[in-house]
Amino acid sequence: MGKHGRQTDALAALSAIAALSLMVTYHRGYDAVVLMPAVAWCVRELATARRSGLPRRAVWVTVVLLLPLATPGGTLMVTVADRQWLPDALTNTWAWNAVLVPFQSWSVLGLSLWFAWLTWRWPVDSASEA
């Protein structure tokens, strides 16, 4: 149940759990398959004219958080550094190693927090789930 006794969006809740389950283990693109509920949630929200009070921008924030997971990830960043496509002054910094290379992990963290917040903030009425 969400706040005010309303039913929580089951697909959004499943998406939050899926993203949270990847927090420790996400390191390969194939792990993103676990995030299919989040993709399904986006498709459902964009395809229907639901009036749950959820702003459309919430769906687009989710899409933006999912996009980094469609890339090769850290492997791409390491390749960029190894081939010296960017200056060493950038690729030999703590920010490169702690923030930029693991950008997919940051995206998973963002998705986890985002879906947890969505399920708390915008629970749906039982009637609108039918």
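In what follows, the accompanying structure is described. (Residues numbered from 1 in each chain as written. Predicted model: local features only at pLDDT ≥ 70, side-chain atom pairs only at ≥ 80, totals over all residues. Heavy atoms only, no water.)

**With respect to the overall build of the protein**
Each helix and strand counted, the protein has eight helices and zero strands in total. Ordering the α and β elements of the protein from the N terminus gives α-α-α-α-α-α-α-α. When burial is assessed residue by residue, the protein has 36% of its 130 residues classed as buried. Pairs at least 24 apart in sequence give 69% of the contacts found in the protein among residues at least 6 apart. If you sum the accessible surface of the protein, you get close to 7,700 Å²; carbon and sulfur atoms cover 68% of it. (Helix = DSSP H or I, 4+ residues; strand = E, 2+ residues; numbered from the N terminus. Buried < 20%, exposed > 50% of the residue type's maximum accessible area, 1.4 Å probe, protein only. Contact = heavy atoms within 4.5 Å. Areas by Shrake-Rupley, 256 points an atom, 1.4 Å probe, with all protein chains shown as cover.)

**A look at the nonpolar core**
Looking at soluble globular proteins, one finds that nonpolar side chains tend to be buried together. Counting 18 residues, the largest nonpolar core has Trp41, Leu54, Leu66, Leu111, Phe115 and Leu118 as the members making the most contacts within it. Listing elements by their share of this core, those giving two or more residues are helix H1 (10-21), helix H2 (36-47), helix H3 (56-66) and helix H7 (103-121). Ranked by residues supplied to this core, first place goes to H7 with five residues. Residues in contact with Phe115, not counting those within four places in the same chain, are Ala12, Ser15, Ala16, Ala38, Trp41 and Thr62. Counting five residues, the second-largest nonpolar core is a separate cluster that includes Met77, Val80, Ala81 and Val101. (Core = buried A, V, L, I, M, F, W, Y, C linked by side-chain atoms within 4.5 Å.)

**Observations concerning the environment of Leu111**
Along the chain, Leu111 falls in helix H7. Along the sequence, Leu111 and Val64 sit 47 residues apart, while their C-alpha atoms lie 9.7 Å from each other. Residues contacting Leu111, with those up to four places away along its chain left out, are Ala19, Leu35, Thr62, Leu65, Leu66 and Leu69.

**Looking at the packing of aromatic side chains**
All chains considered together, the criterion is met by two aromatic pairs. Summarising the aromatic geometry, the rings of Trp41 and Phe115 are spaced 5.2 Å apart at their centres and angled 80 degrees between planes, so their arrangement reads as edge-to-face. Of this pair, Trp41 sits in helix H2 while Phe115 sits in helix H7, placing them 74 residues apart in sequence. Phe115 shares its class with Trp41; the two are buried. (Phe/Tyr/Trp six-rings, centres within 6.5 Å; stacked < 30°, edge-to-face > 60°.)

**Topic: the side chain of Thr91**
Along the polypeptide, Thr91 turns up in helix H5 (residues 88-91). For Thr91, a relative accessible area of 6% puts it in the buried group. When residues no more than four places from it in sequence are discounted, the contact partners of Thr91 are Ala81, Leu86 and Trp96.

**Re the packing of H1 against H2**
One can describe the packing of H1 onto H2 by two numbers: an axis separation of 8 Å at closest approach and a directional angle of 150 degrees. It follows from the interaxial angle that H1 and H2 lie roughly antiparallel. For the pair H1 and H2, the sense of crossing is left-handed. Residue-level inspection shows Leu11, Ala12, Leu14 and Ser15 of H1 in contact with H2, the latter providing Pro37, Ala38, Ala40, Trp41 and Arg44. Partitioned by chemical class, the residues of the contact of H1 with H2 number seven nonpolar, one polar and one charged. (Axes fitted to C-alpha atoms, helices over the stretch in contact; angles between N-to-C directions. Parallel < 35°, antiparallel > 145°, perpendicular 65-115°, else oblique. Left-handed = near helix turned anticlockwise from the far one by under 90°. Nonpolar A, V, L, I, M, F, W, Y, C, P; charged D, E, K, R; others polar.)

**Quick notes on H3**
Taken together, the buried positions of H3 are occupied by Ala58, Val59, Thr62 and Leu66. Along the axis of H3, the buried positions cluster into a sector of 100 degrees, meaning they face one direction only. Residues of H3 that are exposed and point more than 90 degrees away from the buried face comprise Arg57 and Val64. Where H3 is buried, its residues meet H2 and H7. (Arc of directions from axis to C-beta.)

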